[in-house]
Every structure is written in structure tokens, then in C-alpha cells.
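Here's the letter readout for the chains.
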Amino acid sequence: MSDKNSFTLKDVSKTFEETQALSSVSLSIEQGEIIALIGPSGAGKTTLLNILSNIIQPDEGKVRIYGKAAAQYSSGRELARKVGLMRQQFDLVGPLPVIHNVLAGKLGEWGLLKSMISFLFPRDKDEAADALERVGLLDKMYDKTSNLSGGEQQRVALARLFLQKPQAILADEPVASLDPARAEDIMSMLVQMVQQEKQTLVASLHSIDLARKYCNRLIALKDGSIYFDLPTAEVTDQQLTGLYQLMESKDGATVAAFS
Amino acid sequence: MQHFHKKNILTGLLILVFVWSLFSVQWRADLFHSGGQSTFLHILLGLIQPDLSTDILQLAIVSSWRTLTYAVAGMSLALIVAFVVGILASGILTKGKTQRTAIVGFFRGLLGFMRAIHELVWAWLFVAAVGLSPFAAVFAIAIPYGGILGRIFADMLNDVPAAPINALKACGSSRWQLLMYGYIPHAAADMLSYTMYRFECAIRSSAIMSFVGLGGLGYQIQLSLEDLKYDEVWTFMFFLLGMVIVVDLWSQQLRKRLVA
């Protein structure tokens with residue numbers, strides 16, 4: 001296992017109650033890769049992301065995050081410097097003004113006293129303003145976060161990642177609840193940030209179009225196993241059809257399929 | 001289906017118990033006090049024509065002020081106690097399962113003890129201990145109200161949605177930072193509005209408590225009742241009502257500002 005890898009998984013399995021969420025998944029992800037995690041609902045995408053972000057531990061197999069075994073990250077602080085998360089729009093503290101949600105990216109660096117002072121008199125305001133300007137929300141700095149639209153809230157979450165500056169970003173359906181135009185908008189901002197900061201990105205996506213457009217590697221999961229793991233250019237339409245097929249009758253005809 | 005059956009059986013049983021309890025009442029003419037009717041009319045008359053003489057109004061204002069003072073002082077103490085103990089009882093600052101069980105158990109128990117005893121009983125105890133001093137009234141409100149508020153605060157903190165808290169954790173927040181940036185902002189509006197509601201209750205409690213001799217509206221109501229001066233009783237009651245309404249309006253304004 002090389003240490004330049006962001007993530008290395010070896011024979012990772014995870015079972016919930018009676019359903020096998022992941023079975024013997026192995027993969028390695030290098031720094032700077034932009035990866036889409038695709039596959040039908042229930043294929044294990046979220047489980048895989050939760051294992052990569054050390055939120056859940058696998059039943060079997062080895063997980064290394066930046067060269068260190070996942071179990072050895074004792075504090076959330078240490079992990080937060082390596083890995084940042086982005087999920088759907090419910091991740092922000094709604095009653096707080098936007099600026100505090102952005103500055104929350106700094107909480108891993110700040111001591112208690114500084115975070116207390118900042119609650120009344122925001123610290124590192126220039127950095128927060130800069131991040132908000134990049135996502136086009138500078139004018140909403142002091143607005144109550146829950147008053148923002150879904151797309152705007154995702155942009156605030158992006159600004160928070162700008163301040164956190166992790167080495168890798170794991171995004172679980174970051175654009176799932178947005179209309180196509182806004183989804184495209186968030187996705188391009190996210191990828192632009194990742195490229196500028198030379199970060200690693202692993203994003204689970206429902207939209208194959210977005211995955212193909214923005215990511216240079218596609219990892220497809222089906223029934224808890226890797227269906228294919230290829231550079232985007234090498235993925236064929238046939239493979240994608242196979243990935244999303246619901247079931248096949250005995251003579252091979254497709255009963256129901258969508259792509 | 002089974003659950004539904006069980007519920008119906010319980011409902012039937014409770015109705016039977018109620019009907020059975022009616023048989024234990026002796027339905028005779030002396031169930032009601034025979035002189036009650038004229039007293040009732042007397043009381044009604046007082047409601048229409050409360051005593052509005054300067055003396056009584058002055059007395060009402062002074063007593064209302066005293067009642068309000070006890071309520072405000074008691075409530076302020078209760079709020080501080082409830083905030084600290086409520087956070088501890090919610091277990092959000094604890095680490096690990098054993099620690100959590102121990103700390104949550106202890107502080108939930110403490111809050112339970114504080115509110116299990118009624119403020120009037122606390123008042124009697126404190127009057128016995130420190131005599132008829134304002135401290136008796138203030139502590140008698142602060143302890144049970146601290147228990148009630150603390151319990152509700154703890155529940156509100158436990159009900160904060162998990163997603164934003166997990167996101168803050170992923171940013172590397174410590175437990176104290178989670179409390180400040182996640183839990184409290186989420187719960188603050190509800191906490192405040194519940195505190196205002198309890199403040200309203202504290203005013204009523206403070207009035208009642210003065211029955212033990214601590215002065216205030218309740219004490220005046222008691223004196224007037226003993227003299228059978230129902231017109232005076234109503235004057236004091238209207239002052240009590242006025243205070244409760246003012247607090248209610250104030251709390252509505254506060255809530256509107258917080259939720260917007």
C-alpha cells in the first residue's frame with residue numbers, strides 16, 4: 001500500500017442486520033483523483049462513503065486513510081484535516097447566520113475560547129467573505145441560513161469546505177435535491193474547488209451525465225460489489241445499461257431497465 | 001392489530017372504573033352547601049363591581065410588584081440552574097456509553113427530585129427554615145421551576161436533528177463547540193418560548209405562595225376572602241390576570257422576532 005494514496009480499501013465487507021451492504025470491496029484512490037460513485041439505489045454507495053469517512057467501521061477488511069489505518073484516527077480533529085464531507089442540504093445549522101456556518105469549517109482548528117469569541121464577533125471574517133464570494137453569496141453573509149434556498153445552502157456548505165481545506169472531499173449525493181440547472185452549478189463549483197486545491201473528490205451521483213462530465217474515473221457499485229471501476233473515457237453505454245438493469249428473465253430479455 | 005385490541009380493552013376498563021367511581025359518591029341533598037347560592041351571587045356581584053377605591057388599588061399595585069419580584073428572581077435562578085443541569089442531563093457533553101449513562105442518570109434524577117416537590121411545599125419548608133423572608137419565596141420558585149425547565153431543556157437538546165450535528169463533527173468540532181454551534185442555536189427559540197410560558201406560571205405560583213404569609217397578591221386575596229370582601233378579591237384577581245396577559249404578549253413578540 002503506497003502512502004500517496006488518499007484511500008486504500010482491501011476486501012472490505014459490511015452487513016446491516018441481514019442485508020449485505022458491501023461485499024469484499026477493494027480499491028485505491030490517489031490524491032487528486034475526481035471520482036464518481038454510481039449505481040442503483042441500495043447498491044452500497046452511502047455505506048462505502050461512510051466507511052471512507054470513518055463514520056462506520058467495516059465488519060471485515062482493511063481501510064487506510066492517508067496511509068494510516070482508519071481505526072487509528074482517535075480524534076475527529078485529525079480526521080477533519082484529511083477528509084471533509086458534503087451531503088444533502090440538511091447539513092447546515094439553520095437558525096445560525098450564514099457566516100457562522102461557513103466559519104464552522106474552522107472549528108477543527110480553533111480552540112474553545114476562539115470559537116466562543118467568534119460566536120459574538122466573527123473571527124477570520126476575510127476568509128469567510130472570500131469563500132462566500134467564490135460561491136456567489138457574499139451578500140447573504142448575515143442572513144439566517146434556513147431562509148436560503150436549497151441550492152444556496154449547498155453553496156454555503158461548499159464555502160465551509162473552502163475554510164476546512166481537507167485533503168479529500170467525500171460528497172454523498174451533493175446535488176440530489178436540486179433541479180438540473182442548480183445541480184450542474186454546484187457540481188462545477190465543487191470540481192473547480194477540488195482542482196484548484198489539488199484535493200481528492202469522491203462523489204456519489206444519480207446523474208450519469210454529471211458523472212461523465214465532471215469526473216475522470218467512475219466506480220460503479222451493484223449489490224454491494226464493484227461492477228466496474230474505469231476511467232470515464234473507457235466506460236461504454238452497454239456497461240451503464242447493465243449497471244442499472246433491474247432484473248433479467250431467463251432468456252436474457254430485459255424486463256425493466258432504465259439508464 | 002393486537003396493539004389496537006389492547007388499547008380498546010384498556011379504554012373499556014378505564015370507562016368502567018369511572019362509572020364505578022360514581023357509585024362511591026353519596027348523592028344526597030347536602031352534597032352542596034345550602035348557603036352556597038347566596039355566596040355564589042355575592043362572588044358574582046364582586047366580579048361585576050370590583051373594589052376600585054384608591055386604598056385597594058394602591059395595595060394591589062404594591063402586592064403585584066412584590067409578586068412579580070418573587071417570580072422574576074425565582075425564575076432567573078431557575079433559568080441558570082436549568083441551563084446548566086439541563087445540558088448535563090441531556091448527555092451531549094459526555095463521552096462513551098458508561099459515562100453517559102451515569103451522568104445522564106444522576107442529573108435527570110436530580111431534576112426529577114427538584115420538580116417532584118410542589119413549590120408550595122418548598123415554601124413551607126423554607127419558611128420553617130429561614131422564616132418569612134423573601135428568600136423563602138424566591139428559592140421555593142427557583143427549585144421546582146429549575147427542575148421543570150431543566151428537564152424540558154434536556155429533551156429539547158436531545159431532539160435536535162442529527163444531520164447538522166454530524167456535519168459539525170466532520171469539521172472537527174469538539175463537544176463544547178458542538179453545543180455552542182449546533183445544539184443551542186437549534187434549541188434556543190423553543191427554550192426561550194418555554195421559559196416565557198413557565199414565567200407566566202411562576203407569576204401565578206408566586207401569588208399562591210404568598211398564602212403561607214410571604215406577602216404579595218395571594219396574601220391580600222386570602223385576607224379579603226377571610227373578610228368575605230369579594231369585591232376586593234376580584235380587584236386583586238384582575239391585577240394577577242393583567243400581569244399574566246402582559247407576559248404572554250411579551251413572549252409572543254419575542255418568539256416572533258426569534259423565528260423570523
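Right, let's walk through the structure included here. (Residues numbered from 1 in each chain as written. Chains lettered and ligands numbered in written order. Predicted model: local features only at pLDDT ≥ 70, side-chain atom pairs only at ≥ 80, totals over all residues. Heavy atoms only, no water.)

## Quick look at the packing of aromatic side chains
Now for step 1: Tallied over the full model, the rule gives 10 aromatic pairs over all chains.
Now for step 2: On the basis of an interplanar angle of 55° and a centroid distance of 6.1 Å, the ring pair of Tyr227 of chain A and Phe228 of chain A is categorised as tilted.
Now for step 3: For Tyr227 of chain A, a relative accessible area of 39% corresponds to the partly exposed category.
Now for step 4: A centroid spacing of 5.9 Å and a plane angle of 35° characterise the contact between Trp234 of chain B and Phe238 of chain B, whose relative ring orientation is tilted. In this pair, Trp234 of chain B and Phe238 of chain B are both assigned in helix H10 (residues 230-259), four residues apart and thus about one turn of the helix distant.
Now for step 5: Residue class for Phe238 of chain B comes out partly exposed when judged on its relative accessible area of 36%.
Now for step 6: Here the aromatic cluster, defined as three or more aromatic residues joined through ring pairs, consists of Phe113, Trp122, Phe126, Phe135 and Phe139 of chain B. (Phe/Tyr/Trp six-rings, centres within 6.5 Å; stacked < 30°, edge-to-face > 60°. Buried < 20%, exposed > 50% of the residue type's maximum accessible area, 1.4 Å probe, protein only. Helix = DSSP H or I, 4+ residues; strand = E, 2+ residues; numbered from the N terminus.)

## Looking at a nonpolar patch on the surface
Residue and element names in this part refer to chain B.
Now for step 1: Residues Ile15, Phe18, Val19, Leu22, Phe23, Val25, Trp27, Leu31 and Phe32 make up a contiguous nonpolar surface patch of roughly 990 Å² in combined accessible area.
Now for step 2: Note on placement: Leu22 falls in helix H1 (residues 2-23).
Now for step 3: Accessibility expressed as a relative area gives 35% for Leu22, which makes it partly exposed. (Patch = residues over 30% accessible without salt bridge, like charges linked within 9 Å, V, L, I, M, F, W, Y side chains within 5 Å. Areas by Shrake-Rupley, 256 points an atom, 1.4 Å probe, with all protein chains shown as cover. Salt bridge = Lys/Arg side-chain N within 4 Å of Asp/Glu carboxyl O.)

## Here's the deal with the sheet that holds strand E2 (residues 19-30) of chain A
Residue and element names in this part refer to chain A.
Now for step 1: Here four strands make up an open sheet; going across it, the order is E2-E1-E4-E5 and the pairing antiparallel. Edge positions in the sheet fall to E2 and strand E5 (68-69), since each of these pairs with one other strand and no more.
Now for step 2: Alignment of strand E4 (residues 60-65) against E5, held across two bridges, turns out to be antiparallel. When the sheet's bridge partners are listed, Ile65 is paired in E5 with Lys68. (Pairing = 2+ DSSP bridges.)

## Thoughts on the interface of chain A and chain B
Now for step 1: With 28 residues of chain A at the interface, the matching set in chain B holds 19 residues.
Now for step 2: For the pair chain A and chain B, the two sides together bury roughly 1800 Å², of which 63% comes from carbon and sulfur.
Now for step 3: The largest per-residue losses of area from chain A upon contact with chain B belong to Val93, Leu107 and Leu112 of chain A, which jointly make up 26% of the total buried on that side.
Now for step 4: For the interface between chain A and chain B, the tally reads zero salt bridges.
Now for step 5: The interface formed by chain A and chain B includes seven residue pairs in polar contact (both at pLDDT 80 or more). (Contact = heavy atoms within 4.5 Å. Buried area = accessible area lost by both parts, 1.4 Å probe. Polar contact = N/O pair within 3.5 Å; in protein donor to acceptor, adjacent residues only side chain to side chain.)

## Some details on the side chain of Ser133 of chain B
Residues and elements named next belong to chain B.
Now for step 1: By secondary structure assignment, the location of Ser133 is in the loop between helix H5 (119-130) and helix H6 (134-158).
Now for step 2: Ser133 sits in the buried class, given a relative accessible area of 16%.
Now for step 3: Within the structure, the side chain of Ser133 is placed 3.0 Å from the backbone nitrogen of Phe135, a separation counted as a polar contact.

## A look at the packing of helix H7 (residues 162-170) of chain B against helix H8 (residues 175-209) of chain B
All names here are of chain B.
Now for step 1: Relative to each other, H7 and H8 sit at 170°, their axes nearing to 10 Å. Our classification of the angle between H7 and H8 gives roughly antiparallel. The element H7 and its partner H8 pack so that their crossing is right-handed. Contacts between H7 and H8 involve Pro164, Ile165, Leu168 and Lys169 from the first element and Leu178, Tyr181, Gly182, Tyr183 and His186 from the second.
Now for step 2: In terms of residue class, the contact of H7 with H8 is made up of six nonpolar, two polar and one charged. (Axes fitted to C-alpha atoms, helices over the stretch in contact; angles between N-to-C directions. Parallel < 35°, antiparallel > 145°, perpendicular 65-115°, else oblique. Left-handed = near helix turned anticlockwise from the far one by under 90°. Nonpolar A, V, L, I, M, F, W, Y, C, P; charged D, E, K, R; others polar.)

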